[in-house]
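Coordinate analysis (summary)
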Amino acid sequence: MPSKIILEQKQQAVADLAAKLKNSVSGVLVNYQGITVEDDTAMRKALREAGVKYMVVKNSLTGRACDEVGFGDMKQYLKGMTAIAISETDAVAPAKVLKKYADKVESFKILAGYLDGAVIDDKTVVELADIPNKETLIAKFLGSIQSPVYGLARALQAVAKKQEAPAAE
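Report on the accompanying structure. Note that the structure is predicted; figures quoted are calculated from it, not measured.

Regarding the overall build of the protein chain
Check the secondary structure of the protein chain and you find 6 helices and 5 strands. In sequence order, the secondary structure elements of the protein chain are arranged as α-β-α-β-α-β-α-β-β-α-α. Against the 2.2 N^0.38 benchmark of 15 Å for 169 residues, the protein chain shows a C-alpha radius of gyration of 25 Å, more extended than a compact globule. Projecting the C-alpha coordinates of the protein chain onto the three principal axes gives extents of approximately 105 × 30 × 25 Å. For the protein chain, the proportion of its 169 residues judged to be buried stands at 32%. If you take every contact in the protein chain between residues at least 6 apart in sequence, the share linking residues at least 24 apart comes to 80%. Total accessible area on the protein chain stands at roughly 10900 Å², and carbon and sulfur atoms take up 56% of it. The protein chain carries 23 positive and 21 negative side-chain charges, and their two centres are separated by 3 Å.

Set out below in C-alpha cells:
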C-alpha cells in the first residue's frame with residue numbers, strides 16, 4: 001500500500017494532466033520507443049516552438065486522467081513506452097511534428113489522439129498532420145477568391161482598349 005504522501009502526489013499528477021487535457025484543443029499519444037536522444041531533443045524543441053506540451057507520464061496515471069475528461073477510449077493504447085503531446089491553441093501542431101518523427105524513426109509510432117473532445121485513431125491523426133498549415137490555407141483561399149476578380153479586370157481592360165482604339169475607315 002503506497003504511503004499517503006505518494007498517493008496524494010499521484011492524485012495531484014492525475015488532476016494536473018486532466019486539467020491540461022480538458023483545456024487543450026488536441027493531443028496525440030505516441031510510443032516513443034527507439035527514438036535516439038538526438039532525435040528526441042530535436043523533436044521536443046520543435047514541439048516547444050509549436051506551442052505543444054510533450055510529457056512522458058505513467059500509463060496508469062494517463063489512463064485515470066483520460067477517464068476524468070471522457071477520453072476512456074484512449075486507455076486501450078496505453079501500453080509500453082508512451083508519451084502525450086498536447087496543444088492548447090493549434091489543433092494540427094502536435095500531429096504535424098510527431099508525424100515527421102514517426103516517418104523518420106520506424107519504431108516511433110503514433111497510437112491515437114483526440115480532437116474536439118473525441119478520441120481519434122492513428123490514421124485520423126496522420127490525416128490531420130497532412131492538412132496544410134493555416135497560412136497556406138488562407139493563401140489558397142485568397143488566391144481562389146482573387147482569380148475571378150483578376151479575370152474580370154482583364155476582360156474590362158480589353159473592352160476599354162478596344163473602345164479607345166481609333167475606328168478604321
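A few points about the nonpolar core
If you look at the biggest cluster of nonpolar residues, it comprises 23 residues, and the most contacted ones within it are Val28, Val30, Met43, Leu47, Tyr54, Leu98 and Phe108. Of all the secondary structure elements, the ones that give two or more residues to this core are strand S1 (26-31), helix H2 (37-49), strand S2 (52-55), strand S3 (82-87), helix H4 (93-104) and helix H5 (122-129). The biggest single contributor to this core is H4, with 6 residues. The residues touching Val30, leaving out its near neighbours within four places in the chain, are Tyr54, Met81, Thr82, Ala83, Leu98, Phe108, Lys109, Ile110 and Leu111. One finds Leu61, Ile84, Ile86 and Ala112 within the second-largest nonpolar core, a separate group that totals 18 residues.

Examining the pairing of S3
Burial analysis of S3 places 6 of its 6 residues in the buried class, the great majority of the element. Taken together, the 6 bridges between S1 and S3 define a ladder with antiparallel strand orientation. Bridged to Asn31 within S3 is Thr82. Taken together, the 4 bridges between S2 and S3 define a ladder with antiparallel strand orientation. Bridge assignment links Tyr54 to a residue of S3, and that residue is Ala85.

Here we look at unusual backbone geometry
With a phi angle near 55°, Asp116 is a residue other than glycine that sits in the positive phi range. Relative to the helices and strands, Asp116 resides in the loop between strand S4 (109-115) and strand S5 (118-121).

Concerning the sheet that holds S4
Taking strand neighbours across the sheet as the criterion, the 5 strands line up as S2-S3-S1-S4-S5 in an open arrangement whose pairing is antiparallel. Every interior strand has two partners, whereas the edge strands, S2 and S5, have only one. For this sheet, the mean angle separating the axes of adjacent strands, direction not counted, is 20°. Across the sheet, H5 is in contact with S1, S4 and S5; its angle to S4 comes to roughly 80°.

Quick notes on the rules
Residues numbered from 1 in each chain as written. Predicted model: local features only at pLDDT ≥ 70, side-chain atom pairs only at ≥ 80, totals over all residues. Heavy atoms only, no water. Helix = DSSP H or I, 4+ residues; strand = E, 2+ residues; numbered from the N terminus. Rg over C-alpha atoms; globule rule 2.2 N^0.38 Å. Buried < 20%, exposed > 50% of the residue type's maximum accessible area, 1.4 Å probe, protein only. Contact = heavy atoms within 4.5 Å. Areas by Shrake-Rupley, 256 points an atom, 1.4 Å probe, with all protein chains shown as cover. Lys, Arg positive; Asp, Glu negative; His and termini not counted. Charge placed at Lys NZ, Arg CZ, Asp CG, Glu CD. Core = buried A, V, L, I, M, F, W, Y, C linked by side-chain atoms within 4.5 Å. Pairing = 2+ DSSP bridges. Axes fitted to C-alpha atoms, helices over the stretch in contact; angles between N-to-C directions.

Nothing here speaks to function; it is all geometry.
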